[in-house]
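Observations on chain architecture
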Amino acid sequence: MEISKIDINGIDTDSLEFQNALQLIQYTHQSIFLTGKAGTGKSTFLKYVCATTKKKYVVLAPTGVAAVNAGGVTIHSFFKMPFRPILPDDEDLRGSKIYDFLKYPKDKQKLIEKTELIIVDEVSMVRADMIDFMDKVLRVFSKNMREPFGGKQMLFIGDIFQLEPVVTADPMEQLFADAEAGDAEALRELADKYHNGEELNNEPDEARKWYEKAGDAGYAVAYLWLGDSYYYGEGENRDYEKAFEYYSKGADAGNTDSMLMLGTLHSTGRGVGQDYTKATEWYWKAADAGNSLGLRYLVNYYIYGWGVDKDPGKALELLDRYSESGNDDVSGLYGNYYYTLKD
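One structure accompanies this document, and this report is about it. Owing to the predicted nature of the structure, the values given are computational and were not obtained by experimental measurement.

Describing the pairing of strand 4 (residues 117-120)
The side chains of a regular strand alternate between both faces of the sheet. In strand 4, alternate side chains face the same way, and those of Leu117 and Ile119 on one face and Ile118 and Val120 on the other are all buried. Relative to strand 4, strand 2 (residues 57-61) runs parallel, the two sharing 4 bridges. From the neighbouring strand, valine 58 faces strand 4, where its bridge partner is isoleucine 118. Strand direction decides the pairing type here: strand 4 and strand 5 (residues 153-157), joined by 4 bridges, are parallel. The partner of valine 120 across the bridge, within strand 5, is phenylalanine 156. With helix 7 (residues 128-141) bridging strand 4 and its parallel neighbour strand 5, the resulting β-α-β unit is right-handed.

Structure below.
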């Protein structure tokens, strides 16, 4: 469900309580706890805010089901929060260790830094240690240690008399529940556990099942793993046609490594007819999308005329771009040929 596309015309916005809460969201940075009994309009207010706010926002919830109902993701998924109680002096969150523990990619760090409004639905189900974890992470990655939640505006929604905090003796139980509800991060984590044999037996077929669900839920890298599992024969005999199918899904979802593998399949004729022109197209797509290995592969194509006209000048240009991308192995890869082109 995409909250931004709901019909807001039928929503009654005239009540004083609705307007007061809305103005706090629109015109201040003050955090809010919005509560009320079932049927009083909490979910309606959430949807209205998401459809009308000009602020950069995310919607979070404590469980997969609640996240789906709110049109968001789980708290564990967004923050990569561990499925265990988190003590105030947790060793993993001390000082610089928090960066190594969470391993946020640059796009996630940028997202946290730029987000202005964080909406937490069904907050009565959120444990106190989870709130503390969010506060800690937001302070660190917003580069604002002075203000609560790193200066973000928090909108907590829920009825504390309706649903109790989620407490489970088995974190895996919660992971399975969130995965079954369709949470992409939970699906990925569950697949990884089956794949790596961490806390669960190493079962390639189970890993494949959960990676497929993760891919369908929007986790593009899952398709790369599925393609690799068939390309390299993990879990069963190699199946290049299946590999092609999943690499294609990964490429369509924007995964650049999947684009590279499609180039390799077209180049070698595995799972698809050999076609150097098609291979060149996929390497270019990967390169244009920021994967410098696409540049490296294209160099040979312009040197030897595979799928393109021989063009030493183009090869040199690509070598320079590859080097400028932070790769310092140009001379080792191409030896004197690089310097001959330079001369």
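As for the sheet that holds strand 1 (residues 32-34)
Sheet architecture is open: 5 strands sit in the order 1-5-4-2-3, paired in parallel fashion. For this open sheet the edge positions go to strand 1 and strand 3 (73-74), each flanked by a neighbour on one side alone. Contacts from helix 2 (residues 42-52) reach strand 1, strand 2, strand 4 and strand 5 within the one sheet, and its direction differs from that of strand 4 by about 155 degrees.

Some details on helix 12 (residues 240-252)
With 13 residues, helix 12 should cover 18 Å at 1.5 Å per step; its first-to-last C-alpha distance of 18 Å lies within 8% of that length. Of all the positions in helix 12, only Ala243, Tyr246, Tyr247, Ser248, Gly250 and Ala251 are classed as buried. Buried residues in helix 12 make contact with helix 10 (204-216), helix 11 (221-231), helix 13 (256-268) and helix 14 (276-288). Where helix 12 starts, the residue carrying a side-chain oxygen 3.2 Å from the main-chain nitrogen of glutamate 241 turns out to be aspartate 239.

Section: the packing of aromatic side chains
Under the counting rule described, the total for this entry stands at 20 aromatic pairs. Arranged with centres 5.2 Å apart and planes meeting at 80 degrees, the rings of phenylalanine 18 and phenylalanine 45 form a pair that is edge-to-face. Linking phenylalanine 18 in helix 1 (residues 16-27) with phenylalanine 45 in helix 2, this pair joins segments that are 27 residues apart in sequence. You can call phenylalanine 45 buried: its relative accessible area is 3%. Aromatic pair tryptophan 284 and tyrosine 302: ring centres 6.4 Å apart, planes at 75 degrees, arrangement edge-to-face. Of this pair, tryptophan 284 sits in helix 14 while tyrosine 302 sits in helix 15 (residues 292-304), placing them 18 residues apart in sequence. Of the two residues, tryptophan 284 and tyrosine 302, both sit in the buried class.

A look at the environment of aspartate 135
Residue placement: aspartate 135 occurs in helix 7. When its relative accessible area of 19% is taken as the criterion, aspartate 135 is described as buried. C-alpha separation for the pair aspartate 135 and glycine 151, spaced 16 residues apart in sequence, amounts to 9.6 Å. When residues no more than four places from it in sequence are discounted, the contact partners of aspartate 135 are Pro148 and Phe149. Within polar-contact distance, the side chain of aspartate 135 engages the backbone nitrogen of phenylalanine 149 at 2.6 Å.

Observations concerning unusual backbone geometry
In this model, lysine 80 sits at a positive phi of 55 degrees, which is unusual for a non-glycine residue. Among the secondary structure elements, lysine 80 is positioned in the loop between helix 4 (75-79) and helix 5 (97-102). In this model, lysine 143 sits at a positive phi of 60 degrees, which is unusual for a non-glycine residue. Classification of lysine 143 as exposed rests on a relative accessible area of 63%.

What counts and how
Residues numbered from 1 in each chain as written. Predicted model: local features only at pLDDT ≥ 70, side-chain atom pairs only at ≥ 80, totals over all residues. Heavy atoms only, no water. Buried < 20%, exposed > 50% of the residue type's maximum accessible area, 1.4 Å probe, protein only. Helix = DSSP H or I, 4+ residues; strand = E, 2+ residues; numbered from the N terminus. Pairing = 2+ DSSP bridges. Right-handed = clockwise from strand over helix to strand, strands pointing away. Contact = heavy atoms within 4.5 Å. Axes fitted to C-alpha atoms, helices over the stretch in contact; angles between N-to-C directions. Expected span 1.5 Å × (residues − 1). Polar contact = N/O pair within 3.5 Å; in protein donor to acceptor, adjacent residues only side chain to side chain. Phe/Tyr/Trp six-rings, centres within 6.5 Å; stacked < 30°, edge-to-face > 60°.

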